[in-house]
Amino acid sequence: QVQVVESGGGLVQPGGSLRLSCAASGTILSINFMGWYRQAPGKQQDVVATINSDGSTNYANSVKGRFTISRDNAKNTVYLQMNNLKPEDTAVYYCKIQERLGRKDYDYWGQGTQVTVSS
């Protein structure tokens, strides 16, 4: 069993910063990739950023230059540094850790953490 716990969300003023953390516990042999997703009220969940096991990253256009995804594979942890936050960034942020076991991939999701950007 794998448990994924997120932290770091909160209320921040426009232009401020937050750092989200997501740590997985349990038996994880190999992480395929990790990512952050967000969902605003009434909207579909969108990918924010992903990071592969080799360190390569992808970002949504809306966050490029402002957000940075990083990870510590040894700790099964992924981070999202969010700078210059905008009200449009307000959403529930979810992390996903994908484990590869042999020929199969398994997705583990965090519980979500609220990020609110408002003055």
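Residues numbered from 1 in each chain as written. Predicted model: local features only at pLDDT ≥ 70, side-chain atom pairs only at ≥ 80, totals over all residues. Heavy atoms only, no water.

Asks: Explain the pattern of salt bridges to me, please; I cannot follow it from the model alone.
Replies: Where charged atoms of side chains with opposite charge meet at close range, the side chains can pair. Inspection of the entire model under this criterion finds four salt bridges. With its nearest N and O atoms 3.0 Å apart, the salt bridge here joins D89 to R38. With D89 in the loop between strand 8 (77–82) and strand 9 (91–101) and R38 in strand 4 (residues 31–39), this pair connects stretches of sequence that are 51 residues apart. Neither D89 nor R38 differs from the other in exposure class; each is buried. The partner of K96 in a salt bridge is D107, with the nearest N and O atoms 3.9 Å apart. Taken together, the positions of K96 in strand 9 and D107 in strand 10 (residues 104–109) put the pair eleven residues apart, joining distant regions of the chain. When its relative accessible area of 10% is taken as the criterion, K96 is described as buried. (Salt bridge = Lys/Arg side-chain N within 4 Å of Asp/Glu carboxyl O. Helix = DSSP H or I, 4+ residues; strand = E, 2+ residues; numbered from the N terminus. Buried < 20%, exposed > 50% of the residue type's maximum accessible area, 1.4 Å probe, protein only.)

Asks: So what exactly am I meant to see when it comes to the pairing of strand 7 (residues 67–72) here?
Replies: Note on strand geometry: in a regular strand, side chains alternate between the two faces of the sheet. Relative to strand 8, strand 7 is paired through six bridges, and the arrangement is antiparallel. Bridging across to strand 8, F67 finds its partner in M82. Turn length for the strand 7-strand 8 hairpin, with the two strands adjacent in sequence and antiparallel, is four residues, and the turn residue N76 shows positive phi of about 50°. (Pairing = 2+ DSSP bridges.)

Asks: Help me out: how do you make sense of the sheet that holds strand 3 (residues 18–25) in this one?
Replies: Either a parallel or an antiparallel arrangement is found when strands of a sheet pair, and the pairing is made through backbone hydrogen bonds. Ordered in space as 1-3-8-7, the four strands form an open sheet in which the pairing is antiparallel. Of all strands in the sheet, those with a lone pairing partner are strand 1 (3–7) and strand 7, marking the two edges. In this sheet, adjacent strand axes meet at a mean angle of 15° when their direction is disregarded. Where strand 1 and strand 3 come together, five bridges link them in antiparallel fashion. Residue pairing across strands places Q3 opposite S25, the latter belonging to strand 3. (Axes fitted to C-alpha atoms, helices over the stretch in contact; angles between N-to-C directions.)

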